[in-house]
Amino acid sequence: MTARGRITDPLRAGGITLTVIAVLAVLGIWRTPYDPTAFAVRLRLAAPTLAHPFGTDEFGRDVLSRVLAGAHLSLAIGFGAMLVSLLLGVPLGLLAAFDRGWLGAAIMRAADLAISLPPILLGLLILAVTPPSLGKTILAVGLVYVPIMVRLARAVALGLLEEDFVQAARARGEGAVSILVREILPNAWPPIIVECGLRVTFAILLGASLSFLGLGPQPPSSEWGLMIAESRQFLDQAPWLALAPGLCLCALLVAVNATGEGLRARLDPSHG
Amino acid sequence: MKLTRRTVLGSALALPSLRAAHAAAGVLRIGVGASLARLDPLLTTIGDEYIYNNLLFNGLTRMAEDLSVQPDLAESWAYSDDLRRWTFRLHRGVKFHDGREMTADDVVALFERLLDPANAAPSRSNYDMVGRVSAADPYTVVFELTSPYGGFADILSDRQVKIVPRGSAAQLASHPIGTGPFRFVSYTPGDRLVMARNPDYFEPGMPKLAGVELRIIPEMSVKIAALQAGDIDVLWDLPLEQVKPLSGRSGLRIDSVPTASWDAAVMNNLTPPFNDPKVRLAFQMAVDKADVVELTLFGQGVPTISPIPPTHPFYARDLAIPPADPAAARRLLAEAGHPNGLSVPIIVPVGRPVRERLGVTLQQLAKPGGFDLQVQRVPFSSYDAEVSGKAPLYIDGYFARPTIDTSTYPFLHSNGSWNAKLWHYSDARVDAALTSARLSGDASVQKMQYIAMQTALNANPAGFFAYAVNFACAYRTSVGGVRTHPMRWFDLRSATVA
């Protein structure tokens, strides 16, 4: 048995952290130590204590509660955007690999064009024209990563199209859809799943950046990027305001990345 | 310290040379937030530019820190009994920075430029009562007004009406020339604007500084670090949440002064739900203004009824601002046909932290009174096109104006120029009081009318006037002779830096 099938340390550590964060995030939708939007005038900008382990913000709101209440938003943006790019990108990529005519060329040139724009700019373009909301942030971030998914799916499929079992399927007289769905797709999964893991990291970060710029969930929501944006004025007085969501974001990204890497070690035949 | 010949000699040598170095420096460095977009004072629009306007130029009159109006380039003025004809006598022998003498023709040229719609001067509407400006002789300027206006000398102290050499408009953008205590040296956008002492300044013995530099530092935490490190001497427009934490620091003087600048939750009086006066009144009852001041301004301000601040003699002292009464607010909402409360978006400007905070504060405080507000952050730059005068509910605010008339009439009279870009408010009693106050030169009549205006406004609110906000600056203790100006600019004629 090679590295395939082995559960590596990064995978275990990442997976456990990710599970803990996910559980806390889901719990945080209903239950937090304090009401994440309740003001407490006397406790404004209070430093971390046992009662408020992450301190309080400029309205006296408990930062730990806010971080917990906002966690599901970051996860939703990350995984939601990944699903959007997966569902749009993979079919388009397979189609582009299979059709060598104008349709395939059109898909690839469109993808090239979209890739040439910096992600944050593309996200801004999509979001700036309409009032912001969580759903739109997910859609925008997802759309930004569709072209990358298209390219990957096409590259994998192109390789597979030359394989003997695909030639055999052609020889059996199977149709295009049947070959794509039954022969190519099952074999193209491993690299796509690995890419998805990486995309989640980028999507969380891009989502937080867009929300930092005001184009994500709106106050009094406690999306982490928004929390960091709001804490900026208090950086010298109350650094814990930026530190708490920043560290959580960092932990989440490392966990997702480690999980993605671990999955790659397990699933990618060319690796290890 | 042990006294030796070496230390005695050393300190004797070192002290005078140190003092000389400081005196030679004598340059006051002010940290501001934004690059100046325009150097032509007539076209300026932001606070950072107004500081520069008041250093390089003079107006006909000047507003002191106590808001009294004093002579500037005009040494005296007189007006006709009907308040329509105003005559200003100019100082003789005042020289522009290029050595030419300033005369009445320069003043006339400035006002012609201001009133010409083609020049799109932002302050033009403040002077639309001016009919004709003429030079009776080289040192006398006569303004003929189309309607009586008692506060005309006051509005000539405002930010943009600074006297420049006639025919110089084209060169103002690159090499501005004025009569002010400091002359232009250089400007690097994003870095600094350098000014040097004007040796020929017309007021004897002024200015005391060798020069002034406006240092452009957008990030507040960087600016505060620069102040503490001594890289700048003055921090202009200190955020209100910093007033208390910085007040205890040695070597710094923090000054927070009341002003007439205000913020409000603007309600659109033309469209539902705020076209119903009961809904506007319910909002006023639902929210405790004292709490708003504490939460939004960290206590650095006062609740108010209208743009007239409680520090002003015309403020309606007998009108109490009551604590919140959510139950009464809900009852009133039910009467207005909203038994289950109201759900409305409230738009806040991104990049205006105090106003963003006001939005979040109101979102939370208005909840018990039956208002379910959804905060929407919108870039301030798109306010003009999408929000102002259109959205049902949004946060906005205005800097202090030089007179009570210019602070109230444009905003609350049904024909007011700003009213149409805000709430579209119309109340016959408010209109009548504002008009009567404007037509009278008698302070006691004005006071009575303005109190009547506030009473009517309180009973039928245009929106939610949240507070009159303080203005704060931080100074190193080496800075002397400067007072924080409620109009957010500086008078540095007597300033010193040790």
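The structure this text deals with has already been given above.
For the structure given in this document, a descriptive report is provided here. (Residues numbered from 1 in each chain as written. Chains lettered and ligands numbered in written order. Predicted model: local features only at pLDDT ≥ 70, side-chain atom pairs only at ≥ 80, totals over all residues. Heavy atoms only, no water.)

## Some remarks on the interface of chain A and chain B
Taken residue by residue, the interface counts 22 residues in chain A and 20 residues in chain B. Around 2000 Å² of area is buried between chain A and chain B when both sides are counted, 58% of it from carbon and sulfur atoms. In this assembly, chain A and chain B are joined by 2 salt bridges. A salt bridge links R44(A) to E294(B); its shortest N-O distance comes to 3.5 Å. (Contact = heavy atoms within 4.5 Å. Buried area = accessible area lost by both parts, 1.4 Å probe. Salt bridge = Lys/Arg side-chain N within 4 Å of Asp/Glu carboxyl O.)

## Points about the environment of R249(B)
Here R249(B) lies in the loop between α7 (243-247) and β12 (252-257). Between the C-alpha atom of R249(B) and that of Q228(B), which follows or precedes it by 21 residues, the distance is 9.0 Å. (Helix = DSSP H or I, 4+ residues; strand = E, 2+ residues; numbered from the N terminus.)

## Focus on the pattern of salt bridges
All names here are of chain B. Counted under the stated rule, the structure contains 32 salt bridges over all chains. E203 is the partner of R62 in a salt bridge, and the nearest nitrogen-oxygen pair spans 3.3 Å. Linking R62 in strand β2 (residues 61-63) with E203 in the loop between β9 (192-197) and β10 (211-216), this pair joins segments that are 141 residues apart in sequence. Exposure remark for E203: the relative accessible area of 17% places this residue in the buried category. Salt-bridge contacts for R192 lead to D191; the nearest nitrogen and oxygen are separated by 3.3 Å. On the basis of relative accessibility, which here comes to 27%, the residue R192 falls in the partly exposed class. Accessibility expressed as a relative area gives 32% for D191, which makes it partly exposed. (Buried < 20%, exposed > 50% of the residue type's maximum accessible area, 1.4 Å probe, protein only.)

## Structural notes on the pairing of strand β19 (residues 471-476) of chain B
All names here are of chain B. Extensive coverage of β19 is indicated by the burial of 5 of its 6 residues. Relative to β19, strand β11 (residues 234-235) is paired through 2 bridges, and the arrangement is antiparallel. The partner of L235 across the bridge, within β19, is A474. As defined by bridge partners, β12 adjoins β19 across 6 bridges and the pair is classed as antiparallel. Looking at β19, one finds that V257 is bridged to F471. (Pairing = 2+ DSSP bridges.)

## Re the nonpolar core
Residue and element names in this part refer to chain B. In terms of nonpolar packing, the biggest core is built from 69 residues, with I30, L60, F111, F143, F152, F490 and L492 touching the most fellow members. No other element matches the 6 residues that helix α3 (residues 104-115) contributes to this core. Non-local contacts of F143, meaning those with residues more than four positions away in its chain, are made with L60, R84, R85, W86, F88, V107, F111, V130, R132, V133, F152 and L156. Ranked by size, the runner-up nonpolar core spans 51 residues in total, among them A282, L332, L393 and A474. (Core = buried A, V, L, I, M, F, W, Y, C linked by side-chain atoms within 4.5 Å.)

Note that every value here comes from positions in space, so none of it alone points to a role or purpose.
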